[in-house]
Amino acid sequence: MGDRLARVTIFHGCVGCRTYEVPPLATVREVKELIYQDTNFPASEQQLWHRGRELSDWIRIGDLLTNKNCDLFLNLQSKGLRGGGRFGQTTPPLVDFLKDILRRYPEGGQILKELIQNAEDAGATEVKFLYDETQYGKETLWSKDMEQYQGSALYVYNNAVFTPEDWHGIQEIARSRKKDDPLKVGRFGIGFNSVYHITDVPCIFSGDQIGMLDPHQTLFGPHESGQCWNLKDDSKEISEFSDQFAPFIGVFGSTKETFLSGNFPGTFFRFPLRLQPSQLSNNLYNKQKVLELFDSFRADADTVLLFLKSVQDVSLHVREADGTEKLVFRVTASENKALKHERPNSIKILETAISNYCKKVPSNSITCVTYHVNIVLEDESTKDAQKASWLVCNSVGSRGICNELDCLADDLKFVPTIGIAMSLSSSEEETGAVSDFSGKAFCFLPLPPGEESKTGLPVHISGFFGLTDNRRSIKWRELDQWRDPAALWNELLIMNVVPKAYATLVLDSVKRLETEKNSDFPLSVDVIYNLWPEMSKVKVHWQPIIEPLFNELFQNAVIYSISNHWIKLEQAYFSELDESLEYTKAVLSYLQSSGKQIVRVPANISNAVQLTASSAKSVKKVTPALVRQVLKKYGHSGTAAEKLHLLEFVLSDAAYHELLGLDLLPLQNGNFIPFSSSVSDQDVIYITSEDYPRSLFPGLEGRIIFDDLKSQILASLKEAAQTRGPFSSGIDYNFSF
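Keep in mind the model is a prediction, meaning the values are calculated, not measured.

Calculation rules
Residues numbered from 1 in each chain as written. Predicted model: local features only at pLDDT ≥ 70, side-chain atom pairs only at ≥ 80, totals over all residues. Heavy atoms only, no water. 1 Å grid on protein atoms, 1.4 Å probe; cavity = no way out; pocket = protein on both sides within 12 Å on 5 of 7 lines; lining within 4 Å. Points joined across faces, edges and corners; volume = space filled by probe spheres on them. Helix = DSSP H or I, 4+ residues; strand = E, 2+ residues; numbered from the N terminus. Expected span 1.5 Å × (residues − 1). Buried < 20%, exposed > 50% of the residue type's maximum accessible area, 1.4 Å probe, protein only. Arc of directions from axis to C-beta. Contact = heavy atoms within 4.5 Å. Nonpolar A, V, L, I, M, F, W, Y, C, P; charged D, E, K, R; others polar. Axes fitted to C-alpha atoms, helices over the stretch in contact; angles between N-to-C directions. Parallel < 35°, antiparallel > 145°, perpendicular 65-115°, else oblique. Left-handed = near helix turned anticlockwise from the far one by under 90°. Core = buried A, V, L, I, M, F, W, Y, C linked by side-chain atoms within 4.5 Å. Pairing = 2+ DSSP bridges. Salt bridge = Lys/Arg side-chain N within 4 Å of Asp/Glu carboxyl O. Polar contact = N/O pair within 3.5 Å; in protein donor to acceptor, adjacent residues only side chain to side chain.

### Looking at empty space enclosed by the protein
Across all of its chains, the model carries 6 cavities of 30 Å³ or more by this definition. Taken as a whole, the largest cavity holds about 80 Å³ of empty space. Taken together, 11 residues line the largest cavity, and the ones lying closest to its centre are Gln110, Glu114, Cys443, Leu445 and Arg471. Only helix 3 (109-121) and strand 18 (445-446) provide two or more residues apiece to the lining of the largest cavity. Of all the elements, helix 3 adds the most residues to the lining of the largest cavity, at 4 residues.

### Topic: helix 9 (residues 342-358)
Across its 17 residues, helix 9 extends 25 Å between first and last C-alpha, which sits within 8% of the 24 Å expected from 1.5 Å per residue. Looking at helix 9, one finds that the buried residues are Glu342, Arg343, Ser346, Ile347, Leu350, Ala353, Ile354 and Tyr357. Down the axis of helix 9, the sector holding all buried residues measures 125 degrees, keeping them to one side. Looking at the buried positions of helix 9, the neighbouring elements they touch are strand 13 (325-334), strand 14 (367-379), strand 15 (384-396), helix 10 (403-412), strand 16 (417-424) and helix 13 (498-515). Residue Lys360 follows helix 9 closely and has a positive phi angle near 65 degrees.

### Notes on the layout of surface pockets
Take a probe with the size of a water molecule and roll it over the atoms, and the empty space left behind shows itself. Taken as a whole, the largest pocket spans an internal volume of roughly 790 Å³. A breakdown of the residues in the lining of the largest pocket according to their chemical character gives 13 nonpolar, 11 polar and 6 charged.

### Quick word on the packing of helix 19 (residues 640-651) against helix 20 (residues 711-722)
One way to put it is that helix 19 packs onto helix 20 with a least axis distance of 10 Å and a crossing angle of 55 degrees. The orientation of helix 19 with respect to helix 20, classified from their angle, is oblique. Read as a crossing pair, helix 19 and helix 20 show a hand that is left-handed. Side by side, helix 19 and helix 20 meet where Leu644, Leu647, Glu648 and Leu651 of the first sit next to Gln712, Ile713, Ser716 and Leu717 of the second.

### Quick look at the nonpolar core
Counting 72 residues, the largest nonpolar core has Trp532, Trp542 and Ile559 as its most contacted members. Here this core gets 8 residues from one element, more than from any other, and that element is helix 13. Excluding residues that lie within four positions of it along the chain, Ile559 makes contacts with Tyr529, Phe554, His565, Trp566, Ile567, Ala572, Phe574, Val599, Val601 and Ile605. Ala124, Tyr131, Leu316 and Ile375 belong to the second-largest nonpolar core, a separate cluster that totals 59 residues.

### Topic: the pairing of strand 11 (residues 264-272)
When you tally the buried positions in strand 11, you get 8 out of 9 residues, the bulk of the element. As judged from the 6 bridges shared by strand 7 (residues 153-158) and strand 11, these two strands associate in the antiparallel manner. Across the sheet, Ala153 pairs through a bridge with Pro272, a residue of strand 11. The sheet contact formed by strand 8 (residues 203-207) and strand 11 spans 5 bridges and is antiparallel. Considered in strand 11, the bridge of Gly207 is made with Phe264.

### With respect to the pattern of salt bridges
Counted according to the given criterion, the structure contains 31 salt bridges. We note a salt bridge from Arg18 to Asp38, for which the minimum N-O separation is 3.4 Å. In this pair, Arg18 sits in strand 2 (residues 16-22) while Asp38 sits in helix 1 (residues 28-39), placing the two residues 20 residues apart along the sequence. The shortest N-O distance in the salt bridge between Arg298 and Asp379 comes to 2.8 Å. Separated by 81 residues along the polypeptide, Arg298 in helix 8 (residues 287-298) and Asp379 in strand 14 bring together distant segments of the chain.

### Overview of the side chain of Gln150
Turning to its location among the elements, Gln150 is positioned in the loop between strand 6 (126-132) and strand 7. Residue Gln150 is classed as buried on the basis of its relative accessible area, which comes to 1%. Of the polar contacts made by the side chain of Gln150, one reaches the backbone oxygen of Asp243; its length is 2.8 Å. Those residues within four positions of Gln150 in sequence are excluded, and the remaining contacts are Thr134, Gln135, Tyr136, Gly137, Lys138, Leu141, Asp243, Gln244, Pro247 and Arg270.

### Quick notes on the sheet that holds strand 22 (residues 572-574)
A sheet is described by the order of its strands in space; here 3 strands give the open sequence 23-22-24, paired in parallel fashion. One side of each edge strand has no neighbouring strand; the edge strands of this open sheet are strand 23 (597-599) and strand 24 (620-621). Two strands pair when backbone bridges link them, and strand 22 and strand 24 are joined in this way by 2 bridges, in the parallel orientation. Looking across to strand 24, one finds that Tyr573 is bridged to Lys620.

### Re the environment of Phe329
Mapped onto the elements, Phe329 comes out in strand 13. The class of Phe329 is buried, set by a relative accessible area of 2%. Sequence-wise, Phe329 and Val318 are 11 residues apart; in three dimensions their C-alpha atoms are separated by 9.9 Å. Discounting chain neighbours no more than four positions away, the residues touching Phe329 are Arg298, Ala301, Val314, Ser315, Leu316, Leu377, Glu378 and Asp379.

### Here we look at helix 1
In this model helix 1 runs 16 Å from its N-terminal to its C-terminal C-alpha over 12 residues, within 8% of the 16 Å that 1.5 Å per residue would give. Among the residues of helix 1, those classed as buried are Val28, Val31, Lys32, Ile35 and Thr39. When helix 1 is viewed along its axis, its buried side chains cluster within an angular range of 100 degrees and face the same direction.

### What to know about unusual backbone geometry
Its identity is not glycine, yet Lys413 carries a phi of approximately 60 degrees, on the positive side. Its place among the elements puts Lys413 in the loop between helix 10 and strand 16. Classification of Lys413 as partly exposed rests on a relative accessible area of 35%. Although it is not a glycine, Ala654 sits at a positive phi angle of roughly 60 degrees. Relative to the helices and strands, Ala654 is located in the loop between helix 19 and strand 25 (665-666).

See below:
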């Protein structure tokens, strides 16, 4: 057509037939403005139709013309125009639909997470991101319009191959394949389409096919939103357009031989960076923005693999324009050598449980498996590797535990799966970090950071949760969505599955601590106690798990005694004694030697005990009354110093009437006699004073209180004497009991 003008003829029953001459590069919007100048019909209220399809404002007129014809005929419809026109609801143009997704869906590291999720669903074990600055040839292309996509691009590789369902699913942008298969949690739904933040033309190379998507529908012909080539069937065309396919050679093991053999044993996406504004987005990308994308992903990369079953290796790379490639960042998940079979075996058990649930096989118990995983971060900028160790419990709800949950699972195509991860520490520095641990919510992958993803729990929790439309947060039953089935599902999932999974994680960590004491497995009593929620910190939506969790735990031996045994709640005597007091050690040692299970617990455990305490399970504490009771039953054969410590403690609550019979009354001659109720003169014990010192009573050492007592003990004994009645003549105080 060269520079010839296009003739656009408009038909409408009210305004008749109008023709405008415009350049082929003019857009539909510009034609609407010409109509507005003629008719005063606002451009925003006009609809232009061509061959039964409404045209988007940004389509070029030249793209609608055939090579030989410069005439274009369009039908006009407009709101409120007399003469009417077609009536009915329509779907928005593809570009508008995607623009709406981009408005709602976050830019940043979440885009990379979605691509990892797609790889996880495909069963891949490895994911690589590559920013490539290579500039490819522009001579042999499908069309001249493809030139702008031959430069810098972001590649994403995984080692799984597209299935026919995947090729079909990636073309269906309005719904996720998850709706057909609950085991595919993010496969090419809204999440994948977030790549349009970066590119206008996503490309896919997998197995024996290469596909390119074009939502603008301008590159491959009018109304064509993409093109696909088979390596064997279309080999002649691929060879003819060699520059077009050059970006698919020389990356991730793809070579010219790959094209000749007709198969690539994996998948990679190529996202040419958007270098100029388009109808879809004004968001332009360059190297700096890609590296910022990498950085935003790195922010929580230490947990991105925590709950994934397949993907165990994610790396980020840069290839400069001269072809040199370097690793920027890498995160891997692995097991200790001694436990290398634990995770694979656990995943098999989970897969069976999920399959049975989907097949509606009834079960009377929640399936829980626990495994250890190490996550290593390699950062090229610091030449440093950080290792984090985790214990992860994954669980699958069973058919029958909650009928409402089962019904929602069938309707929503969800599966009641929950994962809980605890951070393990192997050094004192890390212990402090664990105690300040901030638990986050995951939907297999970490939800975007922020208040909404915080749980207030000392563990990370992942679940098959129903998410908001932008996939940024978990849905909850607020006033405006009280009947939302996905929000109700989330509440039921948390109440019915989380407590059991959480308790299993705690119990398994106790078991591992007992069986692996001599190994390098980083567990301790403090680490296990840190697993227990602190009720005041738990966010409101997660509070329903607390009481059932504690009830479940307290049916087991989860309290650690000072005699180094895990015991049940009903066996425990809780000590709240001040460790700095001299008598504390003697009191606890005596009770322990008398067979009592003494425990000291942090505040979060103490609060859990108080919450679940009932008359059936009353909480027993270390008190003066308990020590008096034990002394009366077993006596005391320890040293004089120990007896004095016990005496100080049993006097501390001023329950002097309970002292009778206790063999703790210290005499000047070094003996200890029982507190007695006798009032005969021969049984009276005296307390000396400044006015009546011991020197006035020679030979009465067996009837005088030891006068080198701590002032506090002496004061208590005097108070006790006063409560017992009259004093002996000439002596300040007596101890006739």
